[in-house]
Amino acid sequence: DVKVTQSSRYLVKRTGEKVFLECVQDMDHENMFWYRQDPGLGLRLIYFSYDVKMKEKGDIPEGYSVSREKKERFSLILESASTNQTSMYLCASGYNQPQHFGDGTRLSIL
Amino acid sequence: QKEVEQNSGPLSVPEGAIASLNCTYSDRGSQSFFWYRQYSGKSPELIMFIYSNGDKEDGRFTAQLNKASQYVSLLIRDSQPSDSATYLCAVRGGSQGNLIFGKGTKLSVKP
C-alpha cells in the first residue's frame, strides 16, 4: 500500500520559531509537493521537487524553503514562523502530478 | 491569472441518483484534468484523470471533457452516502505545468 507519511498530525509553534515539516514516501516517486489548504482558498502549491536536491517554487513560496536530500524525503521549512502560516499542510508525491497525499499537518502558530 | 472555477455547493442528491459536478478553467492551453475526492478531515485522493475530449468511465464515475468550452465534469452514477465528500477539480497549468486546484464542490448524498 502506498504511503506518504508526514511527521506530525498537529503542531503548535510560536511566532519567530524555525519550523520543520517532514514528509516521507515509499513509492520511489520522482516528484514531491508541499501544499497548504485554507478554507475559502483551496489547495495552494508552496514548493515542489522533481529530483533529489532539485526544487521549484510554487504559487506561494514566500516565507518557506524546502530540502530534498534523499529521494524519499521532502522537508518544508518555515524560516521564521508567523501567524498567517497557521494552516493545514499537505505533502504529496507522484510520477508526474500529485497522486498520493499524506494525512496532513495542522500547524498553529501562536 | 489562470483559474479553475467550481460551484462550492453543497450539492445535495438522493441516494441512487446521478451527481453531476462541474468545473471550468481559464487556460485554453490546458491539457490534463484531474478529479480528487476529499472526505471531511482527510486528505485528497486522486479518483480520475482525463486528457482527451469526450468521456472516460471508471466504475460509477465518468469524467467528461470539452476543451472547446473549457469545461470538465464528473458524473457519479448510483450515488451512495459514502460518496458524500468535497470534490476538487485540478487542471495542469501554471508556468511550470503545476496543477491548479479549484476550491471544490461539496456533495451530500441523502439516504
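Residues numbered from 1 in each chain as written. Chains lettered and ligands numbered in written order. Predicted model: local features only at pLDDT ≥ 70, side-chain atom pairs only at ≥ 80, totals over all residues. Heavy atoms only, no water.

A. Geometry of the pattern of salt bridges. With the rule as written, the count across this model stands at nine salt bridges over all chains. Of the charged contacts in the structure, one is a salt bridge between Glu69(A) and Lys53(A), with a shortest N-O distance of 2.5 Å. Residue Glu69(A) is found in strand E7 (residues 64–70), and its partner Lys53(A) is found in the loop between strand E5 (42–49) and strand E6 (56–57); the two are separated by 16 residues along the sequence. When the shortest N-O distance is used, the salt bridge between Arg77(B) and Glu57(B) registers 3.5 Å. Remark: Glu57(B) occurs in strand E6 (residues 54–58) and Arg77(B) occurs in the loop between strand E8 (71–76) and strand E9 (85–93); sequence separation between them is 20 residues. Relative accessible area serves as the criterion here: at 27%, Arg77(B) is assigned to the partly exposed category. Residues joined by salt bridges that share partners form a network here, namely Asp28(A), Glu30(A) and Lys71(A). (Salt bridge = Lys/Arg side-chain N within 4 Å of Asp/Glu carboxyl O. Helix = DSSP H or I, 4+ residues; strand = E, 2+ residues; numbered from the N terminus. Buried < 20%, exposed > 50% of the residue type's maximum accessible area, 1.4 Å probe, protein only.)

B. The packing of aromatic side chains, seen in detail. Scanning all chains against the criterion turns up eleven aromatic pairs over all chains. Between Tyr35(A) and Phe101(A), the aromatic rings sit 5.9 Å apart at their centres with planes inclined by 45°, giving tilted as the arrangement. Taken together, the residues span a long stretch of sequence, with Tyr35(A) in strand E4 (residues 31–38) and Phe101(A) in strand E10 (residues 100–101) at a distance of 66 residues. By the ring-pair criterion, three or more aromatic residues cluster together here, those being Phe33(A), Tyr35(A), Phe48(A), Phe101(A), Tyr36(B) and Phe101(B). For Lys56(B), the ring lying beneath its charged end belongs to Phe49(B), and the centroid distance is 3.6 Å. One residue, Arg60(B), lies across the ring of Phe61(B), its end atom 5.6 Å from the ring centre. (Phe/Tyr/Trp six-rings, centres within 6.5 Å; stacked < 30°, edge-to-face > 60°. Lys NZ or Arg CZ within 6 Å of the ring centre and 35° of its normal.)

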